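Structural features, examined
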Amino acid sequence: MANVRNLKKDINYVLGDIIEAVYVWEFANTDKDTKGSEAIIDEAITTFDELIVKVNAKNENPKAHFKAINSELETKGRALIEKINNLG
């Protein structure tokens, strides 16, 4: 089941990079309020937890199941990146 392992790694890397980008933004903008950036971090952690639960769930058609999770990761990842870009 290399797919499961790779999907978990992808989830970890994508959301970890998003959290790291928020920390970089906070470091570069020390004079700005961090409530919005903290909310993005919380949302990324929640998304991570939700996706890992979905990966570990048993399904009749694993290929379609993992493809849907990968698609959801991409969608939610892009939304979080957009929120980081709008922190300005």
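Structure: see above.
Residues numbered from 1 in each chain as written. Predicted model: local features only at pLDDT ≥ 70, side-chain atom pairs only at ≥ 80, totals over all residues. Heavy atoms only, no water.

**Describing the overall build of the protein**
Summing up its helical and strand segments, the protein has three helices and zero strands in all. Secondary structure elements of the protein occur, N-terminal to C-terminal, as α-α-α. Counting only C-alpha atoms, the protein reaches 50 × 15 × 15 Å along its principal axes. Taken across its 88 residues, the protein has 30% of its residues classed as buried. (Helix = DSSP H or I, 4+ residues; strand = E, 2+ residues; numbered from the N terminus. Buried < 20%, exposed > 50% of the residue type's maximum accessible area, 1.4 Å probe, protein only.)

**A closer look at the nonpolar core**
Counting residues in each nonpolar core, the largest one holds 18 residues, and the members touching the most others are Leu7, Ile11, Leu15, Val55, Phe66, Ile69 and Leu80. If you list the elements that add at least two residues to this core, you get α1 (2-28), α2 (35-56) and α3 (62-85). Apart from residues lying up to four places away in sequence, Leu15 is in contact with Ala44, Thr47, Phe48, Leu73 and Leu80. (Core = buried A, V, L, I, M, F, W, Y, C linked by side-chain atoms within 4.5 Å. Contact = heavy atoms within 4.5 Å.)

**Considerations on α3**
Taking 1.5 Å as the rise per residue, α3 with 24 residues should run 34 Å; its terminal C-alpha atoms sit 34 Å apart, in good agreement. Within α3, burial applies to His65, Phe66, Ile69, Glu72, Leu73, Gly77, Leu80 and Ile84. (Expected span 1.5 Å × (residues − 1).)

**What about the side chain of His65?**
Inspection of the secondary structure assignment puts His65 in helix α3. By relative accessible area, which is 15% here, His65 ends up buried. Side-chain polar atoms of His65 contact the backbone oxygen of Lys54, separated by 2.7 Å. Dropping the residues within four chain positions of it, His65 is found in contact with Lys54, Ala57 and Asn59. (Polar contact = N/O pair within 3.5 Å; in protein donor to acceptor, adjacent residues only side chain to side chain.)

**Side note on the environment of Arg78**
Tracing the chain through its elements places Arg78 in helix α3. Residue class for Arg78 comes out exposed when judged on its relative accessible area of 58%. Remark: the alpha-carbon pair of Arg78 and Val55, spanning 23 residues in sequence, is separated by 20 Å.

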